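As a plain string of letters, each chain reads:
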Amino acid sequence: MTKIFEDDLNASFGTRAIHAGQRPDPLSGAIMTPIYQTSTYVQEGLGFNKGYEYARGKNPTREALERNVAALEGAKYGFAFSSGMGALDSIMKLFKAGDHFVVGENVYGGTFRLFDKILRNFGMEFTYVDTRDPQRIEDELRTGRGTAAVLIETPTNPLMRLTDIRAAAEAAHNAGALLIVDNTFATPYFQRPFEMGADIVWHSTTKYLNGHSDMVGGIALVNDDDLATRLQFILNASGAVPGPMDAWLVLRGTKTLHLRMERHDQNGRVIAKWLVDLVGDENVFYPGLASHPQHEIALRQMSGFGGMISVETGSRERAAQVLERVRVFSLAESLGGVESLISHPASMTHASVEEARRLGLGISEGLIRLSCGVEDVGDLIADLDRAFA
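Residues numbered from 1 in each chain as written. Predicted model: local features only at pLDDT ≥ 70, side-chain atom pairs only at ≥ 80, totals over all residues. Heavy atoms only, no water.

Chemist: Any chance you could explain the nonpolar core here in plain terms?
Modeler: The nonpolar side chains of a soluble globular protein tend to be buried with one another. Counting 74 residues, the largest nonpolar core has Leu179, Ile271, Leu275, Ile309 and Leu370 as its most contacted members. The biggest single contributor to this core is helix α10 (residues 257-279), with 7 residues. Among all residues touching Ile309, those that are not within four sequence positions of it are Gly268, Ile271, Ala272, Leu275, Val284, Phe285, Tyr286, Ile368, Arg369, Leu370 and Cys372. Counting 34 residues, the second-largest nonpolar core is a separate cluster that includes Phe79, Phe101, Val107 and Ile180. (Core = buried A, V, L, I, M, F, W, Y, C linked by side-chain atoms within 4.5 Å. Buried < 20%, exposed > 50% of the residue type's maximum accessible area, 1.4 Å probe, protein only. Helix = DSSP H or I, 4+ residues; strand = E, 2+ residues; numbered from the N terminus. Contact = heavy atoms within 4.5 Å.)

Chemist: I would appreciate a short explanation of the pairing of strand β8 (residues 218-222) in the present structure.
Modeler: The side chains of a regular strand alternate, residue by residue, between the two faces of the sheet. In terms of burial, β8 is a largely internal element, 5 of the 5 residues being buried. Neither face of β8 is open: one carries Gly218, Ala220 and Val222, the other Ile219 and Leu221, and all of them are buried. In terms of strand pairing, strand β2 (residues 77-81) meets β8 through 5 bridges, oriented antiparallel. The partner of Ala80 across the bridge, within β8, is Ile219. (Pairing = 2+ DSSP bridges.)

Chemist: What exactly am I supposed to notice about the side chain of His100 here?
Modeler: Assignment of secondary structure puts His100 in strand β3 (residues 100-104). The exposure class of His100 is buried, given its relative accessible area of 1%. For His100, the side chain forms a polar contact with the side chain of Thr127, separated by 2.7 Å. Residue contacts for His100: discarding those within four places in its chain leaves Glu125, Thr127, Glu140, Arg142, Gly146, Thr147, Ala148 and Ala149. (Polar contact = N/O pair within 3.5 Å; in protein donor to acceptor, adjacent residues only side chain to side chain.)

Chemist: I keep staring at the packing of aromatic side chains and nothing clicks. Help me out?
Modeler: What describes a pair of aromatic rings is the distance from one ring centre to the other and the angle between the planes of the rings. In the structure shown here, the tally under the stated rule is 8 aromatic pairs. For the pair Tyr41 and Tyr52, a centre-to-centre distance of 5.2 Å together with 40° between the ring planes defines the contact as tilted. In this pair, Tyr41 is assigned in the loop between α1 (13-19) and α2 (60-73) and Tyr52 in the loop between α1 and α2, connecting sequence segments 11 residues apart. When its relative accessible area of 14% is taken as the criterion, Tyr41 is described as buried. Of the residues examined, Tyr52 reaches a relative accessible area of 22% and is grouped as partly exposed. These aromatic residues form a ring-pair network of at least three members: Phe95, Phe101, Phe115 and Phe126. Over the ring of Tyr128 we find Arg357; its NZ or CZ atom is 4.5 Å from the centre of that ring. (Phe/Tyr/Trp six-rings, centres within 6.5 Å; stacked < 30°, edge-to-face > 60°. Lys NZ or Arg CZ within 6 Å of the ring centre and 35° of its normal.)

Chemist: Which parts of the structure should I look at to understand the packing of α10 against helix α14 (residues 377-388)?
Modeler: Angle between the axes and distance between the axes are the two parameters that describe a pair of packed helices. Taken N-terminus to C-terminus, the directions of α10 and α14 make an angle of 30°; their axes are 10 Å apart at the nearest point. By the angle between their directions, the pair α10 and α14 is classed as roughly parallel. Note on packing geometry: the crossing formed by α10 with α14 is right-handed. On α14, the residues that touch Arg263, Asn267, Val270, Ile271, Trp274, Leu275, Leu278 and Val279 of α10 are Val377, Leu380, Ile381, Leu384, Asp385 and Phe388. Grouping the amino acids of the contact of α10 with α14 by side-chain chemistry returns 11 nonpolar, 1 polar and 2 charged. (Axes fitted to C-alpha atoms, helices over the stretch in contact; angles between N-to-C directions. Parallel < 35°, antiparallel > 145°, perpendicular 65-115°, else oblique. Left-handed = near helix turned anticlockwise from the far one by under 90°. Nonpolar A, V, L, I, M, F, W, Y, C, P; charged D, E, K, R; others polar.)

Chemist: Teacher, can you tell me more about the packing of helix α3 (residues 84-92) against helix α4 (residues 109-118) here?
Modeler: Between α3 and α4, whose axes approach to 11 Å, the crossing angle comes to 35°. The interaxial crossing formed by α3 with α4 has right-handed handedness. Between α3 and α4, the contacting residues are Met85, Leu88, Asp89 and Met92 on the first element and Gly110, Thr111, Leu114 and Phe115 on the second. Here the contact of α3 with α4 is composed, by residue class, of 5 nonpolar, 2 polar and 1 charged.

Chemist: Honestly, the side chain of Lys207 in this entry has me stumped. Any pointers?
Modeler: One can find Lys207 in the loop between β7 (200-204) and β8. We note that Lys207 is buried and unpaired, the nearest opposite charge coming from Glu333 at a distance of 8.1 Å. Of note is the side chain of Lys207, whose polar atom sits 2.9 Å from the side chain of Ser204. Ignoring sequence-local partners within four residues, the contact set of Lys207 consists of Thr184, Ser334, Leu335 and Gly336. (Lys, Arg positive; Asp, Glu negative; His and termini not counted. Salt bridge = Lys/Arg side-chain N within 4 Å of Asp/Glu carboxyl O.)

Dropping the structure here:
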């Protein structure tokens, strides 16, 4: 399992983003971590393998990425996977049939699909609650009767709802459960779940950590030694690992994470305010707005708000009109790249969620989601102005 270099924790975030978890290549002095494009490793003799046997278990490029992101999140251990869902699926293998989970009701559609369509068939039980209210988490916890973990996503996809991480951690721990946090939207640059009590943090590295829309991956992070040992076993046994090229692409991306997140945040704030003037604050979902009902929580547990914004247009027809008119924003799934994307959650990211459930959550046919990139904000607003005209 991949543990961080202890001295990487002493630097500021930007320095860690560029250097943590990496050392110049001992063979050549190359400053960039090499892509160790190999499936196996030559053994010096029986019992002498330098820690490497087969690339499913360990790869030096992947280990550099794991140390890097662990240092950014303030974790001891990192485990890289071939997708965000691969990371979550492997996390869930820490548990067993009969375990109960309290889950935020507005999780990513892929998370809901994994839980409701697959893991439920293996005897796991999921209770979905509005985690904006910590009391609702407490009400559903089965103290001493099988609640294994609380799983939250904050901010949520796509409604930008927040969960008080400290309150969720306290509730979970009082019931003997773990707290698992999806930190994909905020990234460790803007939100630090471990500092607020999280036990496991995970990301789709496809998104902001990579930031260039050119790979698919995920990562899980922990501080507990036992959880780390078990995750390493699961990683090797299940094999949902990224290739070295994908690991290298994320490692390339994290070097500019702090710079990109500042620009995503700058653009997001400006565009959110512009949209409020256009369609009204009740139709714009962005935690950086004072009108957001959980803005005070955002101020308390986030140092920035990022570039994700959702907008209620009123109807599927109006949403389709906006989606078809954009030229700088691109209609596509995913988020977090340098380029701006726009999507329709009801038919894209949350298509696997039944219609009645979707509508009950507020994911209407008129809802659109913006991933504001790092382009010139004036061009982005001009593009949206044409689209909404």
